[in-house]
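Each chain, letter by letter, is given below.
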Amino acid sequence: MAIKTLYLGSNWEALETLKSLDRDSRFDISAIITQPDKPKGRDQKVIESEIKLYAQEHDIPVFYTRNKEERYSEALDLFKPDLIVCKSFGEIIPGDFLEAPKFKAINIHFSLLPKYRGAVPIQKAILDGETETGISIVKMVAELDAGPILAQFRESIKTDDTNETLRKRLVKRCTDVIGDTLEKWIQGQIKPEEQDDKSATYCWKADISKEKAEINWQEKSAEEIERMVRAFLPWPVAWTAFREKRLKIFKAQLVDNSTMQVNLAPGQFTSQSERLFIGTNSSDKLIQPIEVQLEGKTVMSASEFIRGQEF
RNA sequence: CGCGGGGUAGAGCAGUGGCAGCUCGUCAGGCUCAUAACCUGAAGGUCGUCGGUUCGAAUCCGACCCCCGCAA
(Lines give C-alpha, C1' and ligand atoms only; values in the text may rest on other atoms or scores of the structure.)
Protein backbone atom coordinates (compact mmCIF):
# COMPACT_ATOMS: atom_id res chain seq x y z
CA MET A 1 0.00 0.00 0.00
CA ALA A 2 1.61 3.24 -1.18
CA ILE A 3 2.16 5.94 1.38
CA LYS A 4 0.15 9.10 0.80
CA THR A 5 2.90 11.67 0.54
CA LEU A 6 2.78 15.44 0.44
CA TYR A 7 5.87 16.87 -1.24
CA LEU A 8 7.32 20.29 -0.47
CA GLY A 9 9.95 21.65 -2.83
CA SER A 10 10.74 24.47 -5.20
CA ASN A 11 13.82 24.15 -7.36
CA TRP A 12 15.63 21.84 -9.72
CA GLU A 13 17.05 19.53 -7.07
CA ALA A 14 13.66 19.31 -5.39
CA LEU A 15 12.25 18.22 -8.75
CA GLU A 16 14.83 15.46 -9.21
CA THR A 17 14.06 14.08 -5.76
CA LEU A 18 10.34 14.33 -6.44
CA LYS A 19 10.74 12.39 -9.68
CA SER A 20 12.46 9.51 -7.93
CA LEU A 21 9.67 9.27 -5.34
CA ASP A 22 6.95 9.67 -7.95
CA ARG A 23 8.38 6.74 -9.93
CA ASP A 24 8.65 4.68 -6.74
CA SER A 25 5.55 2.55 -6.26
CA ARG A 26 5.97 2.62 -2.48
CA PHE A 27 4.95 6.28 -2.51
CA ASP A 28 1.89 8.05 -3.77
CA ILE A 29 2.51 11.76 -4.28
CA SER A 30 -0.90 13.18 -3.46
CA ALA A 31 0.08 16.82 -3.84
CA ILE A 32 2.99 19.23 -4.17
CA ILE A 33 3.42 22.48 -2.30
CA THR A 34 5.80 24.84 -4.04
CA GLN A 35 6.62 28.51 -4.48
CA PRO A 36 4.39 30.57 -6.75
CA ASP A 37 5.98 31.66 -10.04
CA LYS A 38 7.87 34.90 -9.69
CA PRO A 39 9.24 37.35 -12.25
CA LYS A 40 12.80 36.42 -13.20
CA GLY A 41 15.64 37.61 -15.35
CA ARG A 42 16.50 40.84 -17.12
CA ASP A 43 13.00 41.46 -18.36
CA GLN A 44 11.28 40.26 -15.20
CA LYS A 45 9.23 37.75 -17.14
CA VAL A 46 7.28 35.21 -15.17
CA ILE A 47 8.73 31.80 -15.96
CA GLU A 48 6.70 28.77 -14.95
CA SER A 49 8.66 26.64 -12.52
CA GLU A 50 9.82 23.22 -13.69
CA ILE A 51 8.29 21.57 -10.67
CA LYS A 52 4.89 23.04 -11.46
CA LEU A 53 5.13 21.91 -15.07
CA TYR A 54 6.06 18.40 -13.93
CA ALA A 55 3.08 18.33 -11.59
CA GLN A 56 0.75 19.39 -14.38
CA GLU A 57 2.09 16.70 -16.71
CA HIS A 58 1.62 14.02 -14.09
CA ASP A 59 -1.75 15.24 -12.80
CA ILE A 60 -0.46 15.99 -9.33
CA PRO A 61 -2.29 18.83 -7.55
CA VAL A 62 -0.16 21.91 -6.84
CA PHE A 63 -0.77 24.01 -3.76
CA TYR A 64 0.73 27.30 -2.59
CA THR A 65 1.02 28.15 1.08
CA ARG A 66 2.72 31.51 0.61
CA ASN A 67 4.03 31.46 4.19
CA LYS A 68 0.52 31.64 5.60
CA GLU A 69 -0.28 29.41 8.58
CA GLU A 70 -3.92 28.88 7.64
CA ARG A 71 -2.88 27.62 4.22
CA TYR A 72 -0.91 24.84 5.90
CA SER A 73 -3.95 23.57 7.79
CA GLU A 74 -5.96 23.81 4.57
CA ALA A 75 -3.38 21.59 2.92
CA LEU A 76 -3.70 18.99 5.67
CA ASP A 77 -7.51 18.94 5.41
CA LEU A 78 -7.37 18.72 1.65
CA PHE A 79 -4.73 16.02 1.16
CA LYS A 80 -4.57 14.17 4.51
CA PRO A 81 -0.99 12.94 3.98
CA ASP A 82 0.63 10.14 5.97
CA LEU A 83 4.05 11.55 5.22
CA ILE A 84 5.53 14.90 4.29
CA VAL A 85 8.80 15.06 2.38
CA CYS A 86 10.61 18.36 1.99
CA LYS A 87 13.58 19.37 -0.14
CA SER A 88 14.68 22.94 -0.88
CA PHE A 89 11.30 24.44 -0.17
CA GLY A 90 12.12 27.94 1.00
CA GLU A 91 9.46 28.65 3.61
CA ILE A 92 9.42 28.42 7.40
CA ILE A 93 6.82 25.80 8.21
CA PRO A 94 4.63 25.80 11.35
CA GLY A 95 5.55 23.10 13.87
CA ASP A 96 2.08 21.55 14.22
CA PHE A 97 1.91 21.00 10.46
CA LEU A 98 5.07 18.90 10.73
CA GLU A 99 3.66 16.70 13.48
CA ALA A 100 0.26 16.00 11.93
CA PRO A 101 0.96 13.13 9.50
CA LYS A 102 1.34 9.61 10.86
CA PHE A 103 4.94 9.41 9.65
CA LYS A 104 5.66 13.09 10.26
CA ALA A 105 7.64 15.43 8.02
CA ILE A 106 11.06 14.51 6.69
CA ASN A 107 13.59 16.97 5.29
CA ILE A 108 16.55 16.31 3.05
CA HIS A 109 19.52 18.56 3.73
CA PHE A 110 22.84 18.63 1.89
CA SER A 111 25.29 18.69 4.77
CA LEU A 112 26.42 16.45 7.59
CA LEU A 113 24.19 17.94 10.26
CA PRO A 114 24.58 19.52 12.75
CA LYS A 115 27.15 21.27 10.59
CA TYR A 116 25.89 23.79 8.06
CA ARG A 117 22.29 24.21 9.05
CA GLY A 118 20.62 26.69 6.72
CA ALA A 119 20.13 27.70 3.13
CA VAL A 120 23.51 27.37 1.41
CA PRO A 121 25.37 24.40 2.92
CA ILE A 122 27.17 23.28 -0.24
CA GLN A 123 28.60 26.68 -1.10
CA LYS A 124 29.66 27.29 2.48
CA ALA A 125 31.35 23.91 2.79
CA ILE A 126 33.40 24.65 -0.34
CA LEU A 127 34.24 28.16 0.87
CA ASP A 128 35.44 26.74 4.17
CA GLY A 129 37.70 24.26 2.41
CA GLU A 130 35.91 21.22 3.83
CA THR A 131 37.01 17.90 2.39
CA GLU A 132 33.76 16.11 3.12
CA THR A 133 30.07 16.85 3.23
CA GLY A 134 26.98 14.77 2.65
CA ILE A 135 23.25 14.24 2.83
CA SER A 136 21.27 14.30 6.06
CA ILE A 137 17.73 12.99 6.15
CA VAL A 138 16.08 14.39 9.25
CA LYS A 139 12.75 14.58 10.98
CA MET A 140 11.55 18.17 10.76
CA VAL A 141 11.08 20.29 13.86
CA ALA A 142 10.11 23.93 14.25
CA GLU A 143 13.73 25.02 14.36
CA LEU A 144 15.49 25.00 11.00
CA ASP A 145 17.44 21.82 10.19
CA ALA A 146 17.62 20.90 13.87
CA GLY A 147 15.55 17.71 13.95
CA PRO A 148 16.75 14.19 14.81
CA ILE A 149 18.71 12.41 12.10
CA LEU A 150 17.27 9.36 10.34
CA ALA A 151 20.20 8.76 8.04
CA GLN A 152 23.38 10.36 6.74
CA PHE A 153 25.38 9.69 3.59
CA ARG A 154 28.92 11.00 3.26
CA GLU A 155 30.33 12.53 0.10
CA SER A 156 33.88 13.75 -0.34
CA ILE A 157 34.56 17.21 -1.74
CA LYS A 158 37.14 17.09 -4.52
CA THR A 159 39.68 19.86 -4.88
CA ASP A 160 38.11 20.93 -8.16
CA ASP A 161 34.49 20.55 -7.07
CA THR A 162 32.25 23.53 -7.73
CA ASN A 163 28.88 24.24 -6.20
CA GLU A 164 27.44 22.80 -9.41
CA THR A 165 29.44 19.60 -9.70
CA LEU A 166 29.16 18.72 -6.03
CA ARG A 167 25.46 19.54 -5.97
CA LYS A 168 24.83 17.27 -8.94
CA ARG A 169 26.56 14.37 -7.20
CA LEU A 170 24.57 14.95 -4.03
CA VAL A 171 21.29 15.12 -5.94
CA LYS A 172 22.10 11.90 -7.76
CA ARG A 173 23.00 10.16 -4.50
CA CYS A 174 19.86 11.55 -2.90
CA THR A 175 17.59 10.13 -5.58
CA ASP A 176 19.31 6.77 -5.10
CA VAL A 177 18.82 6.54 -1.35
CA ILE A 178 15.71 8.50 -0.49
CA GLY A 179 13.13 5.79 -1.23
CA ASP A 180 14.81 3.08 0.83
CA THR A 181 15.52 5.42 3.73
CA LEU A 182 11.90 6.56 3.90
CA GLU A 183 10.67 2.99 3.74
CA LYS A 184 12.86 1.97 6.66
CA TRP A 185 11.55 4.95 8.61
CA ILE A 186 7.95 4.03 7.90
CA GLN A 187 8.53 0.46 8.92
CA GLY A 188 9.97 1.57 12.21
CA GLN A 189 13.47 0.29 11.49
CA ILE A 190 15.09 3.66 12.19
CA LYS A 191 15.66 5.17 15.59
CA PRO A 192 16.17 8.92 15.01
CA GLU A 193 19.31 10.29 16.56
CA GLU A 194 19.18 13.73 18.18
CA GLN A 195 21.64 16.31 16.88
CA ASP A 196 24.28 17.75 19.12
CA ASP A 197 23.13 21.38 19.10
CA LYS A 198 26.38 22.57 20.66
CA SER A 199 28.38 21.66 17.56
CA ALA A 200 25.86 23.16 15.15
CA THR A 201 27.08 25.65 12.53
CA TYR A 202 24.95 27.80 10.28
CA CYS A 203 24.92 29.26 6.79
CA TRP A 204 22.58 31.86 5.41
CA LYS A 205 21.35 32.93 2.03
CA ALA A 206 23.13 36.25 2.63
CA ASP A 207 26.46 34.39 2.72
CA ILE A 208 26.08 33.89 -1.02
CA SER A 209 25.52 37.29 -2.59
CA LYS A 210 27.06 39.58 -5.17
CA GLU A 211 28.60 41.55 -2.36
CA LYS A 212 30.23 38.48 -0.85
CA ALA A 213 31.38 37.40 -4.30
CA GLU A 214 33.61 40.43 -4.75
CA ILE A 215 37.20 39.34 -4.26
CA ASN A 216 39.15 41.27 -1.66
CA TRP A 217 42.72 40.64 -2.75
CA GLN A 218 44.23 42.12 0.38
CA GLU A 219 42.22 40.18 2.94
CA LYS A 220 41.57 36.84 1.29
CA SER A 221 44.29 34.27 0.93
CA ALA A 222 45.01 32.75 -2.47
CA GLU A 223 43.42 29.51 -1.32
CA GLU A 224 40.26 31.28 -0.17
CA ILE A 225 39.98 33.11 -3.47
CA GLU A 226 40.27 29.90 -5.46
CA ARG A 227 37.51 28.39 -3.31
CA MET A 228 35.31 31.46 -3.85
CA VAL A 229 35.51 30.88 -7.59
CA ARG A 230 34.26 27.31 -7.13
CA ALA A 231 31.62 28.11 -4.52
CA PHE A 232 29.90 31.02 -6.25
CA LEU A 233 28.88 29.13 -9.39
CA PRO A 234 26.49 29.40 -11.10
CA TRP A 235 25.51 32.49 -9.12
CA PRO A 236 26.66 35.13 -8.21
CA VAL A 237 30.15 34.21 -9.62
CA ALA A 238 33.32 35.52 -7.97
CA TRP A 239 34.31 38.87 -9.45
CA THR A 240 36.76 41.70 -9.23
CA ALA A 241 37.08 45.15 -10.75
CA PHE A 242 39.10 45.37 -13.95
CA ARG A 243 39.54 48.82 -15.50
CA GLU A 244 36.31 50.23 -14.08
CA LYS A 245 34.34 47.14 -15.05
CA ARG A 246 33.33 43.92 -13.43
CA LEU A 247 35.29 40.85 -14.35
CA LYS A 248 33.64 37.61 -13.34
CA ILE A 249 35.92 34.64 -12.86
CA PHE A 250 34.18 31.41 -13.79
CA LYS A 251 37.18 29.15 -13.47
CA ALA A 252 40.61 29.65 -11.98
CA GLN A 253 43.51 27.77 -10.53
CA LEU A 254 46.04 28.38 -7.84
CA VAL A 255 49.59 28.45 -9.15
CA ASP A 256 52.92 28.31 -7.41
CA ASN A 257 54.89 31.49 -7.96
CA SER A 258 58.08 30.33 -6.24
CA THR A 259 59.58 29.10 -9.51
CA MET A 260 58.17 31.83 -11.78
CA GLN A 261 58.85 34.71 -9.42
CA VAL A 262 56.35 37.04 -11.07
CA ASN A 263 56.23 40.26 -9.08
CA LEU A 264 52.59 41.30 -8.63
CA ALA A 265 50.73 43.26 -5.99
CA PRO A 266 47.53 41.69 -4.60
CA GLY A 267 44.86 42.08 -7.26
CA GLN A 268 47.28 43.18 -9.97
CA PHE A 269 46.94 41.58 -13.42
CA THR A 270 49.54 40.46 -15.88
CA SER A 271 49.73 38.14 -18.84
CA GLN A 272 52.51 35.78 -19.76
CA SER A 273 52.55 33.47 -22.79
CA GLU A 274 48.78 33.32 -23.28
CA ARG A 275 48.12 32.98 -19.58
CA LEU A 276 46.57 35.45 -17.20
CA PHE A 277 47.82 35.89 -13.65
CA ILE A 278 46.61 37.90 -10.68
CA GLY A 279 48.74 38.60 -7.64
CA THR A 280 47.58 37.59 -4.15
CA ASN A 281 48.56 38.62 -0.66
CA SER A 282 51.13 35.85 -0.66
CA SER A 283 54.14 36.47 -2.93
CA ASP A 284 54.59 32.78 -3.74
CA LYS A 285 51.03 32.18 -4.91
CA LEU A 286 49.12 33.48 -7.92
CA ILE A 287 45.59 33.09 -9.15
CA GLN A 288 45.40 32.04 -12.78
CA PRO A 289 41.95 32.71 -14.23
CA ILE A 290 40.95 30.18 -16.89
CA GLU A 291 37.50 31.41 -17.86
CA VAL A 292 36.38 34.99 -17.39
CA GLN A 293 33.65 37.38 -18.40
CA LEU A 294 34.03 41.12 -18.65
CA GLU A 295 30.94 43.21 -18.04
CA GLY A 296 29.03 43.50 -21.29
CA LYS A 297 30.90 40.58 -22.85
CA THR A 298 30.31 36.90 -23.09
CA VAL A 299 32.21 34.24 -21.14
CA MET A 300 35.60 33.55 -22.71
CA SER A 301 38.84 31.76 -22.03
CA ALA A 302 41.61 33.74 -20.39
CA SER A 303 43.75 33.56 -23.54
CA GLU A 304 40.94 35.06 -25.61
CA PHE A 305 40.46 37.74 -23.00
CA ILE A 306 44.17 38.63 -23.12
CA ARG A 307 44.16 39.10 -26.89
CA GLY A 308 41.69 41.94 -26.58
CA GLN A 309 43.49 43.74 -23.75
CA GLU A 310 46.72 45.66 -23.36
CA PHE A 311 48.89 44.70 -20.41
C1' C B 1 8.73 52.68 -21.25
C1' G B 2 13.99 50.67 -14.63
C1' C B 3 19.85 51.86 -15.56
C1' G B 4 24.07 50.66 -18.59
C1' G B 5 27.86 48.15 -22.11
C1' G B 6 28.25 45.73 -26.80
C1' G B 7 27.58 43.40 -32.25
C1' U B 8 34.07 44.91 -37.38
C1' A B 9 37.96 38.13 -40.78
C1' G B 10 37.35 31.47 -37.50
C1' A B 11 38.36 33.76 -31.96
C1' G B 12 39.48 38.22 -29.01
C1' C B 13 39.74 43.47 -29.97
C1' A B 14 41.25 48.67 -32.19
C1' G B 15 39.31 52.01 -35.50
C1' U B 16 34.17 58.31 -33.99
C1' G B 17 33.35 61.37 -41.78
C1' G B 18 38.31 60.03 -46.28
C1' C B 19 42.42 53.08 -48.95
C1' A B 20 39.35 47.76 -43.55
C1' G B 21 43.36 47.26 -39.12
C1' C B 22 45.96 44.57 -34.65
C1' U B 23 46.93 39.96 -31.77
C1' C B 24 45.83 34.82 -32.10
C1' G B 25 44.28 30.91 -35.15
C1' U B 26 44.12 28.68 -40.36
C1' C B 27 46.81 27.53 -45.09
C1' A B 28 51.63 27.43 -48.02
C1' G B 29 56.85 27.76 -47.72
C1' G B 30 61.54 28.41 -44.89
C1' C B 31 64.73 27.59 -40.52
C1' U B 32 65.36 23.79 -36.67
C1' C B 33 67.34 17.30 -33.65
C1' A B 34 62.77 19.35 -32.10
C1' U B 35 58.74 22.77 -30.49
C1' A B 36 53.02 26.34 -28.07
C1' A B 37 59.66 28.99 -30.80
C1' C B 38 61.46 32.03 -35.02
C1' C B 39 61.36 33.96 -40.44
C1' U B 40 58.59 34.75 -45.30
C1' G B 41 54.11 34.76 -47.81
C1' A B 42 48.70 33.84 -48.49
C1' A B 43 43.62 33.10 -47.80
C1' G B 44 39.71 34.88 -45.00
C1' G B 45 34.89 41.06 -44.33
C1' U B 46 27.63 42.63 -47.00
C1' C B 47 31.69 46.40 -40.32
C1' G B 48 24.12 42.85 -36.74
C1' U B 49 19.62 44.28 -40.20
C1' C B 50 16.74 47.98 -42.76
C1' G B 51 16.23 52.99 -43.99
C1' G B 52 18.10 58.24 -43.81
C1' U B 53 22.01 62.41 -44.02
C1' U B 54 26.56 63.15 -47.13
C1' C B 55 30.74 63.99 -52.82
C1' G B 56 32.00 60.12 -49.35
C1' A B 57 29.40 56.27 -43.51
C1' A B 58 32.18 50.91 -39.57
C1' U B 59 31.98 56.14 -37.97
C1' C B 60 26.41 60.84 -37.91
C1' C B 61 20.59 60.19 -37.50
C1' G B 62 16.06 56.82 -37.09
C1' A B 63 13.82 52.01 -36.51
C1' C B 64 14.42 46.94 -35.56
C1' C B 65 17.06 42.14 -34.18
C1' C B 66 20.60 39.76 -31.03
C1' C B 67 24.33 39.20 -26.75
C1' C B 68 25.78 40.86 -21.93
C1' G B 69 26.56 43.77 -16.84
C1' C B 70 23.37 46.04 -13.07
C1' A B 71 18.66 46.17 -10.70
C1' A B 72 14.70 42.73 -9.11
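If you're wondering where the values come from, they're calculated on a predicted model, not measured in any experiment.

Enquirer: Now, about the overall build of chain A: what can you tell me, with residues and values included?
Expert: Looking only at helices and strands, chain A has eight helices and 17 strands in total. When the backbone C-alpha atoms are referred to their principal axes, chain A occupies close to 70 × 45 × 30 Å. Counting the 311 residues in chain A, one finds 50% classified as buried. A fraction of 64% describes how many contacts in chain A between residues 6 or more apart in sequence connect residues 24 or more apart.

Enquirer: Provide a residue-level description of unusual backbone geometry, including the pertinent values.
Expert: The bulk of non-glycine residues show a negative phi, and the bulk of peptide bonds are trans. Pro-114 follows Leu-113 through a cis peptide bond whose omega is 15°. By secondary structure assignment, the location of Pro-114 is in the loop between β7 (105-109) and β8 (117-118). Here the bond from Trp-235 into Pro-236 is cis, since omega is 0°, no more than 30 degrees from zero. Looking at where Pro-236 falls in the secondary structure, it is placed in the loop between α7 (222-231) and β12 (239-242).

Enquirer: Provide a residue-level description of the pattern of salt bridges, including the pertinent values.
Expert: Going through the model one piece at a time under the given rule, you end up with 22 salt bridges. Note that Lys-198 is salt-bridged to Asp-196, the shortest N-O span being 3.9 Å. For Lys-198, a relative accessible area of 78% translates into the label exposed. In this structure, Lys-285 and Glu-223 form a salt bridge, with 3.1 Å as the shortest nitrogen-oxygen distance. Linking Lys-285 in strand β16 (residues 285-294) with Glu-223 in helix α7, this pair joins segments that are 62 residues apart in sequence. Judged by relative accessible area, which is 28%, Lys-285 ranks as partly exposed.

Enquirer: Could you give an account of the sheet that holds strand β5 (residues 62-63), with specific residues and numbers?
Expert: One open sheet accounts for seven strands, arranged β5-β2-β1-β6-β7-β9-β10; its pairing is mixed. Each having just a single partner strand, β5 and β10 (149-156) make up the two edges of the open sheet. Where β7 meets strand β9 (residues 132-139), four bridges bridge the pair, whose relative direction is antiparallel. The residue bridging Ile-106 from the neighbouring strand is Lys-139, located in β9. Against the sheet, helix α6 (residues 163-186) engages β1 (3-9), β2 (27-33), β6 (83-87), β7, β9 and β10, with an angle of about 155° to β10.

Enquirer: Describe helix α2 (residues 50-57), naming the residues involved and giving the relevant values.
Expert: All of the buried residues along α2 are Ile-51, Lys-52, Tyr-54 and Ala-55. One side of α2 holds all its buried residues, which, seen down the axis, span an arc of 160°. Opposite the packed face of α2, turned more than 90 degrees from it, sit the exposed residues Glu-50 and Glu-57. Where α2 ends, the next residue or the one after it, Asp-59, has phi of about 55°, a positive value.

Cut-offs used in this document
- Residues numbered from 1 in each chain as written.
- Chains lettered and ligands numbered in written order.
- Predicted model: local features only at pLDDT ≥ 70, side-chain atom pairs only at ≥ 80, totals over all residues.
- Heavy atoms only, no water.
- Helix = DSSP H or I, 4+ residues; strand = E, 2+ residues; numbered from the N terminus.
- Buried < 20%, exposed > 50% of the residue type's maximum accessible area, 1.4 Å probe, protein only.
- Contact = heavy atoms within 4.5 Å.
- Salt bridge = Lys/Arg side-chain N within 4 Å of Asp/Glu carboxyl O.
- Pairing = 2+ DSSP bridges.
- Axes fitted to C-alpha atoms, helices over the stretch in contact; angles between N-to-C directions.
- Arc of directions from axis to C-beta.

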